[in-house]
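Residues per chain are reported as follows:
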There are 2 protein chains.
Amino acid sequence: MNLERLDTPAAIIDIAKMQHNIDRMQTRMNALGVKFRPHVKTSKCADVARAQIAAGAQGITVSTLKEAEAFFAAGIEDILYAVGIVPAKLPRAMALKQKGCDLKIIADNTVAASAIVEYCKHANDTFEVWLEIDTDGHRSGLAPDDDALVAIGRVLQEGGVEVGGVMTHAGSSYELNDPEALAALAEQERAGCVRAAERLRAAGIACATVSVGSTPTALAAKHLEGVTEVRAGVYVFFDLVMANVGVCASNDVALSVLTSVIGHQPDKGWVIVDAGWMAMSRDRGTSKQTHDYGYGLACALDGTPLEGCALVGANQEHGILAVESRDDLATRFPIGMKLRILPNHACATGAQYPEYHALASDGSTVVWPRFHGW
Amino acid sequence: MNLERLDTPAAIIDIAKMQHNIDRMQTRMNALGVKFRPHVKTSKCADVARAQIAAGAQGITVSTLKEAEAFFAAGIEDILYAVGIVPAKLPRAMALKQKGCDLKIIADNTVAASAIVEYCKHANDTFEVWLEIDTDGHRSGLAPDDDALVAIGRVLQEGGVEVGGVMTHAGSSYELNDPEALAALAEQERAGCVRAAERLRAAGIACATVSVGSTPTALAAKHLEGVTEVRAGVYVFFDLVMANVGVCASNDVALSVLTSVIGHQPDKGWVIVDAGWMAMSRDRGTSKQTHDYGYGLACALDGTPLEGCALVGANQEHGILAVESRDDLATRFPIGMKLRILPNHACATGAQYPEYHALASDGSTVVWPRFHGW
């Protein structure tokens, strides 16, 4: 297949751009002297994860047990499930571990830690648990100096459960757009997570791994002393939010939505396309950033951005593309013409599709399946 | 299964509330003397569509050819594909029609109409085409008095293609919240669509069907003289956007997301749950309405809304529930506790799931599959 023949809407991965993004991140991680554990929640696609591992990634990060199961079935064993465990999910996690998956789970509270200990006794098996650290007030985790940190470590260790590491995610990096501020947040993320590990070690808890990361802080960090691994997800495709943060150019964005023109409203300067919010997602992540791209930035079929041509409105299967010059709208954007739309947020847009169409440099495409659900 | 045993996050349909919503709309349509053609893009679920047809719906509306194919396979023959046709999709539409599906397609421009005529000649078969009318400046369609309307009708009729009707969707009704304004828009939608049909008929084009609708205008219309059928989608579940529009109460919302508590940030009054934007969608439809519910309104497991307890933040698999009183947060919302979250926009939230769990009045649940993709 090629783009001219694909039915629309469709999610397109530009393989060369994706590979460029993968190589850029892996090269940076190698220079910083850390392992790299990509977050595969962005793609939920074994073909993409294989490209990340081929470039040097060691293990993966997942956000659901379904991802853990699917990527383990695809041959990846070293998996961090990076969302605080619900005790009711322990049997499903243990079933995967007992199939041979090197699954790590995380906790940030005594109730979950005690439940893990109890469950492991009951199951006559164990988990490797990492403790979640909050280094930027973003959502979950324990402050590096919280007394509960050592208390939770002790609950696990005394219960016979290994505390394998600490991990943090400086998600507030998405709100920045200044290289110095990003570098400062990367240092705050590093220092807080290393501090947590040191406190645990001082209390006699081994804590071998120190894991940090978000795409912006990973790319902004000047050094990662004391850190053993970095996690990042969206870098593999990048998106318009990341372009506004300043860690990529719009030309680096490897994911786009192929769409067809279905109508015009010449008086309003609107081109109607068949990519609505079902095709783009409802993500409006650029709405409070420097450049608001609506639901996405339109490109010609070859991927060249049409500057100033944003998807300003979206219903379920209708997108409204606002065009600066209204002259000859129906001639410049004829019915059936194919365009590509760069997404605000690659993780959210990808999630709308059962598969990607991976575009090679010769213009051919192949299907790369992705999964959804939990 | 029951809610206590389901893995989270999960999409729950309260069958009794759904049936109430279906009966309410069908009763109103019967009173107005029109046929009712529900828009099944909301559910993408054959079990839900069967309940709508059992209550009296005649035919369905779809937003994609995949929906048309899936619902035809489930036994529904009378289908309107209510997105302007892309000429490249005609072979797929014709393949479905030739299997016996009574598929109607729509157009609002001469290029598409000519392409339909040409394709039908080539295929030695025909389509029933409806013309799309714009009655509120919302997105697609021709103004009722546009000269092009009759011209397009003639292109089709002279090409041997039946003009079966006109259809419009007053989607700007979602932006209102006043009964009188809604009734006025419903009248504008009705009058504009009837006017378009009359112009076509005066030009010798039969145009048997006059189809209008959106959930708010369907419920607000005082009479529907000249209209033959109404379409509406989200009424089957309702959602918080519709509650703000004023056409349902939050207690009518039949779709909710089951979630588990995974953490706390007591200093901030935050309960962290495992329903993030992947579980809720990125839809922030209530953000500019009277009540902004963030990513959704939390309820107890039995469905009772916890007033003032909104999902104020969402990452991919983390939701941040802001609780008014911070006292005893970890006791009132213990780790593992299950809650239900009402969505802003049922169509967008449902789309995140491969299946619903339909909850009966005895507390049992069964799986109702739904599909995604195009």
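Definitions and limits used
Residues numbered from 1 in each chain as written. Chains lettered and ligands numbered in written order. Predicted model: local features only at pLDDT ≥ 70, side-chain atom pairs only at ≥ 80, totals over all residues. Heavy atoms only, no water. Pairing = 2+ DSSP bridges. Helix = DSSP H or I, 4+ residues; strand = E, 2+ residues; numbered from the N terminus. Axes fitted to C-alpha atoms, helices over the stretch in contact; angles between N-to-C directions. Parallel < 35°, antiparallel > 145°, perpendicular 65-115°, else oblique. Left-handed = near helix turned anticlockwise from the far one by under 90°. Contact = heavy atoms within 4.5 Å. Nonpolar A, V, L, I, M, F, W, Y, C, P; charged D, E, K, R; others polar. Salt bridge = Lys/Arg side-chain N within 4 Å of Asp/Glu carboxyl O. Buried < 20%, exposed > 50% of the residue type's maximum accessible area, 1.4 Å probe, protein only. Right-handed = clockwise from strand over helix to strand, strands pointing away. Domains from an automatic or database assignment. Buried area = accessible area lost by both parts, 1.4 Å probe. Polar contact = N/O pair within 3.5 Å; in protein donor to acceptor, adjacent residues only side chain to side chain. 1 Å grid on protein atoms, 1.4 Å probe; cavity = no way out; pocket = protein on both sides within 12 Å on 5 of 7 lines; lining within 4 Å. Points joined across faces, edges and corners; volume = space filled by probe spheres on them. UniProt positions renumbered as here; feature names shortened; annotations may be inferred. Expected span 1.5 Å × (residues − 1). Arc of directions from axis to C-beta. Least-squares fit on C-alpha atoms with pLDDT ≥ 70 in both. Phe/Tyr/Trp six-rings, centres within 6.5 Å; stacked < 30°, edge-to-face > 60°. Lys NZ or Arg CZ within 6 Å of the ring centre and 35° of its normal.

With an unreviewed UniProt entry as reference, chain A is termed Alanine racemase, source organism Caballeronia glebae.

Novice: Break down the sheet that holds strand 3 (residues 60-62) of chain B for me, with residues and values.
Specialist: Residue and element names in this part refer to chain B. In spatial order, the strands read 2-9-8-7-6-5-4-3; together these 8 strands make up an open sheet with parallel pairing. At either margin of the open sheet sits one strand with a lone partner, and together these are strand 2 (35-36) and strand 3. The pairing of strand 7 (residues 162-168) with strand 8 (residues 209-212) spans 3 bridges and is classified as parallel. Note on strand 8: the bridge partner recorded for methionine 167 is serine 211.

Novice: Explain the packing of helix 6 (residues 147-158) of chain A against helix 7 (residues 179-202) of chain A to me, using residue names and the numbers behind them.
Specialist: All names here are of chain A. It is at 10 Å that the axes of helix 6 and helix 7 come closest, and there the two elements cross at 50°. When the axis of helix 6 is compared with that of helix 7, the two are oblique. Crossing hand, helix 6 versus helix 7: right-handed. Along the contact surface, helix 6 presents Asp147, Leu149, Val150 and Gly153, while helix 7 presents Ala196, Arg199 and Leu200. Considering only residue class, the contact of helix 6 with helix 7 consists of 4 nonpolar, 1 polar and 2 charged.

Novice: Before we move on, can you summarise the pattern of salt bridges with the specific residues and values?
Specialist: Taken as a whole and judged by the stated rule, the model has 30 salt bridges over all chains. Among the ionic pairs, aspartate 102 of chain A bridges to lysine 104 of chain A, the shortest N-O distance being 3.2 Å. For aspartate 102 of chain A, a relative accessible area of 36% corresponds to the partly exposed category. Between lysine 44 of chain B and glutamate 67 of chain B there is a salt bridge, and its shortest N-O distance comes to 3.3 Å. Here lysine 44 of chain B is found in the loop between strand 2 and helix 2 (46-54), whereas its partner glutamate 67 of chain B is found in helix 3 (residues 65-73), with 23 residues between them in sequence. The same class applies to lysine 44 of chain B and to glutamate 67 of chain B, which are both buried.

Novice: Go over the pairing of strand 4 (residues 78-81) of chain A, please, and point to the residues and values.
Specialist: All names here are of chain A. In the sheet, strand 3 (residues 60-62) pairs with strand 4 via 3 bridges, with the strands oriented parallel. Across the sheet, threonine 61 pairs through a bridge with leucine 80, a residue of strand 4. Regarding the hand of the β-α-β motif, the stretch spanning strand 3, helix 3 (residues 65-73) and strand 4 is right-handed. As defined by bridge partners, strand 4 adjoins strand 5 (residues 102-107) across 3 bridges and the pair is classed as parallel. Residue pairing in the sheet places aspartate 78 in a bridge with aspartate 102 of strand 5. Regarding the hand of the β-α-β motif, the stretch spanning strand 4, helix 4 (residues 90-98) and strand 5 is right-handed.

Novice: Pulling in residues and values, what's your account of the sheet that holds strand 6 (residues 128-133) of chain A?
Specialist: Residues and elements named next belong to chain A. Strand order in the open sheet formed by 8 strands is 2-9-8-7-6-5-4-3, with parallel pairing between adjacent strands. Edge positions in the open sheet fall to strand 2 (35-36) and strand 3, since each of these has one partner strand only. The strands that helix 6 touches are strand 6 and strand 7 (162-168); relative to strand 6, the one it contacts most, it runs at about 170°.

Novice: So what's going on with the domain arrangement of chain A? Which residues, and what values?
Specialist: All names here are of chain A. Taken domain by domain, chain A holds domain 1 (15-236) and domain 2 (250-369). One C-alpha centre belongs to domain 1, the other to domain 2; they are set 33 Å apart. For the pairing of domain 1 and domain 2, the buried interface totals around 1,200 Å² over both sides, and the portion due to carbon and sulfur atoms is 55%. Contact with domain 2 buries surface across domain 1, with Ile15, Lys17 and Asp47 losing the most and accounting together for 40% of the total. Across the contact surface, domain 1 and domain 2 share 0 salt bridges. At the boundary of domain 1 with domain 2, the tally comes to 5 residue pairs in polar contact (both at pLDDT 80 or more). For the side of domain 1 that touches domain 2, the elements supplying multiple residues, two or more each, are helix 1 (15-32) and helix 2 (46-54). Of the residues in the side of domain 1 that touches domain 2, the class split is 7 nonpolar, 5 polar and 4 charged.

Novice: Lay out empty space enclosed by the protein in plain terms, naming residues and giving numbers.
Specialist: Here the structure, examined in full by the defined rule, presents 9 cavities of 30 Å³ or more. The calculated volume of the largest cavity comes to roughly 100 Å³. Along the wall of the largest cavity there are 14 residues; nearest its centre are Thr8 of chain A together with Thr64, Tyr81, Lys89 and Trp374 of chain B. For the lining of the largest cavity, a count of residues per class yields 5 nonpolar, 3 polar and 6 charged.

Novice: Got a sec to walk through the UniProt feature "domain: D-serine dehydratase-like" (unreviewed entry) in chain A? Specific residues and values, please.
Specialist: Within the UniProt annotation, "domain: D-serine dehydratase-like" (unreviewed entry) is assigned to residues 254-360 of chain A. The distance from the first to the last C-alpha atom of residues 254-360 of chain A is 12 Å, and the span holds 12% helix and 39% strand.

Novice: Tell me about the environment of lysine 104 of chain B, residues and numbers included.
Specialist: Residue and element names in this part refer to chain B. Summarising the element assignment, lysine 104 is placed in strand 5 (residues 102-107). In this structure lysine 104 comes out as buried when scored by relative accessible area, which is 4%. In contact with lysine 104, not counting residues within four places along its chain, are Arg37, Asp78, Ile79, Leu80, Tyr81, Glu128 and Trp130. Of the polar contacts made by the side chain of lysine 104, one reaches the side chain of aspartate 78; its length is 2.4 Å.

Novice: Which residues make up helix 6 (residues 147-158) of chain B, and what are the values?
Specialist: Residues and elements named next belong to chain B. Helix length check: helix 6 (12 residues) gives 17 Å between terminal C-alpha atoms against 16 Å at 1.5 Å per residue, within 8%. Buried within helix 6 we find Leu149, Val150, Ile152, Gly153 and Leu156. The buried residues of helix 6 occupy an angular sector of 160° when projected down its axis, which confines them to one face. Exposed positions of helix 6 whose direction lies more than 90 degrees from the buried face are Asp147 and Glu158. Check the buried side of helix 6 and you find it contacts helix 5 (110-123), strand 6 (128-133), strand 7 and helix 7 (179-202). At the exit of helix 6 stands glycine 160, carrying a positive phi of roughly 85°.

Novice: Can you break down the interface of chain B and chain A residue by residue, with the values?
Specialist: Listed by partner, the interface residues are 53 residues for chain B and 53 residues for chain A. Carbon and sulfur atoms supply 56% of the area that chain B and chain A bury against each other, a total of about 4,600 Å² over both sides. Summed over the three residues of chain B that lose the most area to chain A, namely Arg139, His372 and Trp374 of chain B, the buried surface amounts to 16% of that side. The shortest N-O distance in the salt bridge between aspartate 7 of chain A and arginine 92 of chain B comes to 2.7 Å. Elements with a minimum of two residues in the side of chain B that touches chain A: strand 10 (255-265), strand 11 (270-273), helix 10 (277-280) and helix 12 (346-350) of chain B. Counted by class, the side of chain B that touches chain A contains 20 nonpolar, 20 polar and 13 charged residues.

Novice: Tell me about the relation of the copies chain B and chain A, and please be specific about residues and values.
Specialist: Take chain B, turn it by 180°, move it 0.0 Å along the axis, and it overlays chain A with an RMSD of 0.0 Å. This pairing of chains is accounted for by a two-fold axis. Within chain B, arginine 282 of chain B has its C-alpha nearest the rotation axis, a separation of 2.4 Å. A share of 100% of interface residues in chain B that are also interface residues in chain A marks the association as one of identical surfaces.

Novice: Now, about the packing of aromatic side chains: what can you tell me, with residues and values included?
Specialist: All names here are of chain A. Applying the stated rule across the entire model yields 8 aromatic pairs over all chains. Measuring from centroid to centroid gives 5.4 Å for phenylalanine 36 and tyrosine 235, while their planes differ by 75°, and the two rings are edge-to-face. Placement of phenylalanine 36 in strand 2 and of tyrosine 235 in the loop between strand 9 (229-230) and helix 9 (240-245) is noted, with a sequence separation of 199 residues between them. Residue classification places phenylalanine 36 among the buried residues on the basis of a relative accessible area of 2%. Looking at arginine 284, its charged tip hangs above the ring of tyrosine 295, at a distance of 5.6 Å from the centre.

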